[in-house]
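# Residue-level structure breakdown
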Amino acid sequence: FRLLPKELAADVFTYLEDSEDQEKLISALSDQELRAILDELYLDDTVDIIEDMPANVVSRILRNTDAATRSQINQLLNYPEDSAGSIMTTEFVYLHPDATVEESFARIRQVGVDKETIYTCYVTRRRKLEGVVTVKALLLSSYETKIRDIMETNVLSVTTLEDKEDVAQMFSKYDLTALPVVDTENRLVGIITVDDAMDVMEEET
């Protein structure tokens, strides 16, 4: 495991079927090595791992994440097990409706490397979901174009407490790659990606 490059090591760690194997690995790794792996993991994968670990391992994982990540993990862990909130990730790209395409590309370059997907970007104003725009739409528009003029406003979304199996069915029904998750006031709190929806469907089957 130590011989693997960091990104590949993180992927291997995520795909280990047995949480006991993950636990053994965590025990064998130094804090520095564990921190390097956690830095490469997407937030929702970290949450999945934490849910299957004993308390002493959980505290070690949380000790090796930064304060902002720790806060997000705790927030995700508070959603009911069968809810959309429990499988969402908070790593998405959001854009402002008044921004130009050029400004939006600059933002995607700045924050996109750590996001789970950048193909669909979410348009928010004061955290409220107003629309979505694809990178394809951005590429085919002039730099001066405002996001509000090319965004899709008829957005399909789910609430944090919706049943995750119902949400997973929506992916196949509407041929989605990602789905925004909003709270009761239509504020964007996360997204669910197709790989996580497939995991739910597989579990259900």
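A few points on the structure. Not measured: the values here are computed from a predicted model.

## Some points on the pairing of strand β2 (residues 120-125)
Among the six residues that make up β2, five are buried, leaving the element largely enclosed by the rest of the structure. Where strand β1 (residues 94-95) meets β2, two bridges bridge the pair, whose relative direction is parallel. Pairing of L95 across the sheet is with V123, part of β2. Regarding the hand of the β-α-β motif, the stretch spanning β1, helix α8 (residues 101-111) and β2 is right-handed. With six bridges connecting them, β2 and strand β3 (residues 128-134) associate as antiparallel partners. Looking at the pairing, V123 lines up with G131 of β3.

## A look at the layout of surface pockets
Roughly 1600 Å³ of internal volume is contained in the largest pocket. T14, D44, D45, T46 and D48 are, among the 46 residues lining the largest pocket, the residues nearest its centre. Mapped by element, the contributors of at least two residues to the lining of the largest pocket are α1 (6-15), α2 (19-28), α3 (31-40), α4 (43-51), α6 (67-77), α7 (84-87) and α12 (194-204). The dominant element in the lining of the largest pocket, judged by the number of residues it contributes, is α4, at seven residues. Looking at the lining of the largest pocket, its residues break down into 14 nonpolar, nine polar and 23 charged. Its boundaries defined by the atoms lining it, the second largest pocket holds a volume of some 200 Å³. Secondary-structure elements contributing two or more residues to the lining of the second largest pocket are α6, α8 and β6 (188-193). Considered class by class, the residues forming the lining of the second largest pocket number five nonpolar, three polar and three charged.

## So, the environment of I87
Inspection of the secondary structure assignment puts I87 in helix α7. The exposure class assigned to I87 is buried, which follows from its relative accessible area of 11%. Separated by 110 residues in sequence, I87 and A197 place their C-alpha atoms 8.2 Å apart. Contact partners of I87, with chain neighbours within four places excluded, come to D44, K164, I192, D196 and V200.

## A short note on a nonpolar patch on the surface
Taken together, the side chains of L4, L8 and V12 present a nonpolar region at the surface, about 200 Å² in accessible area. By the element assignment, L4 lies in the segment before α1.

## Brief notes about the sheet that holds β1
Taken in spatial order, the three strands make up an open sheet running β1-β2-β3, and their pairing is mixed. Edge positions in the sheet fall to β1 and β3, since each of these pairs with one other strand and no more.

## What to know about the packing of α4 against helix α5 (residues 55-63)
In the contact formed by α4 and α5, the axes pass within 9 Å of each other and the chain directions differ by 155°. Overall, the two elements α4 and α5 adopt an arrangement that is roughly antiparallel. Contacts between α4 and α5 pair T46, I49 and I50 from the former with V58, I61 and L62 from the latter. Residue classes in the contact of α4 with α5 are distributed as five nonpolar, one polar and no charged.

Conventions and cut-offs
- Residues numbered from 1 in each chain as written.
- Predicted model: local features only at pLDDT ≥ 70, side-chain atom pairs only at ≥ 80, totals over all residues.
- Heavy atoms only, no water.
- Buried < 20%, exposed > 50% of the residue type's maximum accessible area, 1.4 Å probe, protein only.
- Helix = DSSP H or I, 4+ residues; strand = E, 2+ residues; numbered from the N terminus.
- Pairing = 2+ DSSP bridges.
- Right-handed = clockwise from strand over helix to strand, strands pointing away.
- 1 Å grid on protein atoms, 1.4 Å probe; cavity = no way out; pocket = protein on both sides within 12 Å on 5 of 7 lines; lining within 4 Å.
- Points joined across faces, edges and corners; volume = space filled by probe spheres on them.
- Nonpolar A, V, L, I, M, F, W, Y, C, P; charged D, E, K, R; others polar.
- Contact = heavy atoms within 4.5 Å.
- Patch = residues over 30% accessible without salt bridge, like charges linked within 9 Å, V, L, I, M, F, W, Y side chains within 5 Å.
- Areas by Shrake-Rupley, 256 points an atom, 1.4 Å probe, with all protein chains shown as cover.
- Salt bridge = Lys/Arg side-chain N within 4 Å of Asp/Glu carboxyl O.
- Axes fitted to C-alpha atoms, helices over the stretch in contact; angles between N-to-C directions.
- Parallel < 35°, antiparallel > 145°, perpendicular 65-115°, else oblique.

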